[in-house]
Amino acid sequence: MDNLENRLIKLVLKGDQRAFAEIVELYKDKLFHLAYRMLNNRHEAEDVVQETFLRVFRNMEKYDPNQKFSTWIYRIATNLCIDRLRRKKPSYSLDAELNDQEGSDGYAMLPSDDRTPESEALLSETQTLIREAIDSLPAKYKSVMILRYLQDLSLQEISDVTGMPVTTIKTRVHRGRDFLRKKLEYKL
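One structure accompanies this document, and this report is about it. (Residues numbered from 1 in each chain as written. Predicted model: local features only at pLDDT ≥ 70, side-chain atom pairs only at ≥ 80, totals over all residues. Heavy atoms only, no water.)

Description of helix 3 (residues 42-58)
Taking 1.5 Å of rise per residue, the 17 residues of helix 3 would be expected to cover 24 Å, and the 24 Å separating its terminal C-alpha atoms lies within 8% of that figure. Residues of helix 3 that are buried: Ala45, Val48, Val49, Thr52, Phe53 and Val56. Down the axis of helix 3, the smallest arc covering the buried residues is 130°, so these residues share one side. Within helix 3, the exposed residues directed more than 90 degrees away from the buried face are His43, Gln50 and Arg58. In this fold, the buried residues of helix 3 make contact with helix 2 (17-39) and helix 4 (69-87). The N-terminus of helix 3 is capped by Asn41, whose side-chain oxygen sits 2.9 Å from the backbone nitrogen of His43. (Helix = DSSP H or I, 4+ residues; strand = E, 2+ residues; numbered from the N terminus. Expected span 1.5 Å × (residues − 1). Buried < 20%, exposed > 50% of the residue type's maximum accessible area, 1.4 Å probe, protein only. Arc of directions from axis to C-beta. Contact = heavy atoms within 4.5 Å. Polar contact = N/O pair within 3.5 Å; in protein donor to acceptor, adjacent residues only side chain to side chain.)

Here is the structure:
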């Protein structure tokens, strides 16, 4: 993958738009899943992905080939998500309908041969509780937890993406897990 990325980056720097389109194809789904899990909103996630690619295109000459391209692009997307989370003001309405359809595809259902309506309802309820608990995390823990457990990045990769020391990442993962454990302790 790195070899392909390096060739594509060299072509993009020479002005090859098709090479940039290939980079978009390689990363659009990964970035969307990251943004969606951080923002829990399909439209905002799509906006973040688009803005990420705009920034990559505008700043391609600033990319350091000594670091992994995936780390660089994840860092841009993560920072954009964090910026949106900071600007986002929670709005609550007692009359608002909950839309369970949006986001339900972001969490894989556990395969089972003996699914019953009761087990489906329980699983959906559990996923909703976990999603709400993750959404309630402060932004500094939420981004690290999503990168670690939902994007399956190593602590070093998260450090590269966020620009924080690995020790800080370990602390935030630990505190994020504690927060989730306390939040879900009596609910699950």
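What about unusual backbone geometry?
Residues apart from glycine generally show negative phi values, whereas peptide bonds are mostly found in trans. One non-glycine residue, Asn40, lies in the positive phi region at around 55°. Structurally, Asn40 is set in the loop between helix 2 and helix 3. For Asn40, a relative accessible area of 26% puts it in the partly exposed group. Phi is positive for Asp152, close to 60°, though the residue is something other than glycine. Since its relative accessible area comes to 61%, Asp152 is described here as exposed.

Points about the nonpolar core
Ile23, Leu31, Val56, Met60 and Phe69 are the most contacted members of the largest nonpolar core, which has 48 residues in total. The set of elements that each furnish at least two residues to this core consists of helix 1 (2-13), helix 2, helix 3, helix 4, helix 5 (117-135), helix 6 (139-150), helix 7 (155-162) and helix 8 (166-184). It is helix 2 that provides the largest number of residues to this core, a total of 11 residues. (Core = buried A, V, L, I, M, F, W, Y, C linked by side-chain atoms within 4.5 Å.)

What about the environment of Thr168?
Note on placement: Thr168 falls in helix 8. Overall, the relative accessible area of 26% leaves Thr168 in the partly exposed class. It is 9.7 Å that separates the C-alpha atoms of Thr168 and Leu155, two residues lying 13 residues apart in sequence.

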